[in-house]
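Here are the chains, one letter per residue:
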Amino acid sequence: MARKPIIAGNWKMHNNVSESIELTKGIIKGVKDLDKNTLPEIVIAPVFTSLYPVSKELEGCDKVSLSSQNCYFEPKGAFTGEISIDMLKDLNVSYIIIGHSERRQYFKEDDELINKKAIAILEAGLTPIICCGETLEQREMGVTDSHISSQIVKALEGISPENVEKTVIAYEPIWAIGTGKTCDSKEANRVIQQIRKTVAQVAGSAIAEKVRILYGGSVKPATIVEQMAQSDIDGALVGGASLQAESFIEIIKGAIK
Ligand code: PEP
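Values in this document were obtained by computation on a predicted structure and should not be read as measured data.

A few points about the environment of Leu136
Relative to the elements of secondary structure, Leu136 occurs in helix α6 (residues 136–140). Residues Leu136 and Ser160 lie 24 residues apart in sequence; the distance between their C-alpha atoms is 33 Å.

Here it is, written out as structure tokens:
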């Protein structure tokens, strides 16, 4: 069965409540007349403070799902500043981005923590979007594939094949994030095929064939069609170009199958 594409917008630390509502309205308007059967799954990830108002705005819209940009794996307790998965579920959040390179770099999140989050998200019935990717230095040293394979093996440790099947993976070369430099589509596809092989080693090839693996890193309306034409790229995690309804809608349209 064909893998349903996903276009996910990561708003990062942008947009207060009114800006988030305005952007959500623009996205809803932009997809209103598009046929749901041919559309990719559309996901938006606002900041925590906008999740509730955006979830209210999305009521009655069955074409756009809500994601959070992070979570903590513990269910409750003395974890100042953190948000539990149940708290996110309460706001109709269905996806959670974990392991984004900005969280790994600036907040020192490691593979072990990302694995704990992935397990807790799947146990709660939500979908983790697990990010992986290499630095420019790692690419130049020729260790891209081994680095990414190690990130994926560690992120999926202890997760049953049935749950691995439900995860979404995003391959995001760090040197392509927010830089305007997209990874060559064929190279992104090659790395994603390597990720699929790693998933097959962890959970079997039948499961690996079903896991959706996205590309992220300066995706724009001008790049999406070629990216979506690749055999193993199942959609995109979009940062900058998801902050304007027009460009996000153009990317969604470029992913219509
Ligand atoms: C991202 O934030 O995950 C991302 C890929 O950002 P950008 O599209 O801006 O490179």
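Right, picking up where we left off after that structure.
Some points on the packing of aromatic side chains
Applying the stated criterion across every chain, the model contains three aromatic pairs. With a centroid separation of 5.1 Å and an interplanar angle of 50°, the aromatic rings of Tyr72 and Phe79 are classed as tilted. Chaining the aromatic ring pairs together yields one cluster made of Tyr72, Phe73 and Phe79.

A few points about the sheet that holds strand β3 (residues 64–68)
Within the closed barrel, the eight strands sit side by side as β1-β2-β3-β4-β5-β6-β7-β8. Their pairing is parallel. Shown here is a sheet whose adjacent strand axes are inclined to one another by a mean of 25°, direction ignored. Sheet analysis places strand β1 (residues 6–10) next to strand β8 (residues 235–238), joined by four bridges and oriented parallel. Bridge pairing in β8 places Ala8 opposite Leu237. Relative to strand β5 (residues 127–132), helix α5 (residues 111–123) is tilted by about 160°, and along the sheet it contacts β4 (93–98) and β5.

Side note on the packing of α5 against helix α7 (residues 144–155)
One way to put it is that α5 packs onto α7 with a least axis distance of 8 Å and a crossing angle of 45°. When the interaxial angle is binned, α5 and α7 end up oblique. The segment α5 lies against α7, with Asp111, Ile114, Asn115 and Ala118 engaging Gln151, Lys154 and Ala155. Across the contact of α5 with α7, the residue classes tally to three nonpolar, two polar and two charged.

Observations concerning the environment of Ile27
Note on placement: Ile27 falls in helix α1 (residues 17–31). Classification of Ile27 by relative accessible area gives buried; the value is 0%. A sequence separation of 37 residues divides Ile27 from Val64, and the C-alpha atoms of the two residues are 8.5 Å apart. When neighbours within four sequence positions are excluded, Ile27 is seen to be in contact with Trp11, Ile44, Val64, Ala245, Phe248 and Ile249.

Topic: the pattern of salt bridges
Counted under the stated rule, the structure contains 17 salt bridges. Glu102 serves as the salt-bridge partner of Lys12, at 2.7 Å between the closest nitrogen and oxygen. Within this pair, whereas Lys12 is found in the loop between β1 and α1, its partner Glu102 is found in helix α4 (residues 101–106), the two being separated by 90 residues in sequence. Ionic pairing is found between Arg190 and Asp145, a salt bridge with its closest N-O pair at 2.8 Å. With Arg190 in helix α9 (residues 185–203) and Asp145 in helix α7, this pair connects stretches of sequence that are 45 residues apart. According to the relative accessible area criterion, Arg190 is partly exposed, its value standing at 30%. Assessed through its relative accessible area of 28%, Asp145 is described here as partly exposed. Via salt bridges that share partners, Arg3, Arg196, Glu209, Asp232 and Asp234 belong to a single interconnected network.

Considerations on the site of the ligand
Close contacts around the ligand come from 14 residues, with Lys12, Glu172, Gly178, Ser218 and Gly239 the closest. Here an oxygen atom of the ligand sits 3.1 Å away from a polar atom, N or O, in the side chain of Asn10. Here the ligand, which alone exposes 300 Å², has 96% of that area covered by the protein. A per-class count over the shell around the ligand returns four nonpolar, eight polar and two charged.

Regarding the nonpolar core
In a soluble, globular protein the nonpolar side chains are often hidden away together inside. Core analysis: the largest hydrophobic core is formed by 69 residues, its most contacted members being Ile7, Ile27, Ile44, Ile96, Ile195, Val199 and Tyr215. By residue number, the principal contributor to this core is α9, which donates six residues. With near-sequence residues (within four places) excluded, Ile7 lies in contact with Pro40, Glu41, Ile42, Val43, Ile224, Gly235, Ala236, Val238, Phe248, Ile251, Ile252 and Ala255.

The rules behind the values
- Residues numbered from 1 in each chain as written.
- Predicted model: local features only at pLDDT ≥ 70, side-chain atom pairs only at ≥ 80, totals over all residues.
- Heavy atoms only, no water.
- Helix = DSSP H or I, 4+ residues; strand = E, 2+ residues; numbered from the N terminus.
- Phe/Tyr/Trp six-rings, centres within 6.5 Å; stacked < 30°, edge-to-face > 60°.
- Pairing = 2+ DSSP bridges.
- Axes fitted to C-alpha atoms, helices over the stretch in contact; angles between N-to-C directions.
- Contact = heavy atoms within 4.5 Å.
- Parallel < 35°, antiparallel > 145°, perpendicular 65-115°, else oblique.
- Nonpolar A, V, L, I, M, F, W, Y, C, P; charged D, E, K, R; others polar.
- Buried < 20%, exposed > 50% of the residue type's maximum accessible area, 1.4 Å probe, protein only.
- Salt bridge = Lys/Arg side-chain N within 4 Å of Asp/Glu carboxyl O.
- Near = heavy atom within 4 Å.
- Polar contact = N/O pair within 3.5 Å; in protein donor to acceptor, adjacent residues only side chain to side chain.
- Areas by Shrake-Rupley, 256 points an atom, 1.4 Å probe, with all protein chains shown as cover.
- Core = buried A, V, L, I, M, F, W, Y, C linked by side-chain atoms within 4.5 Å.

Shape descriptors only; they carry no functional weight alone.
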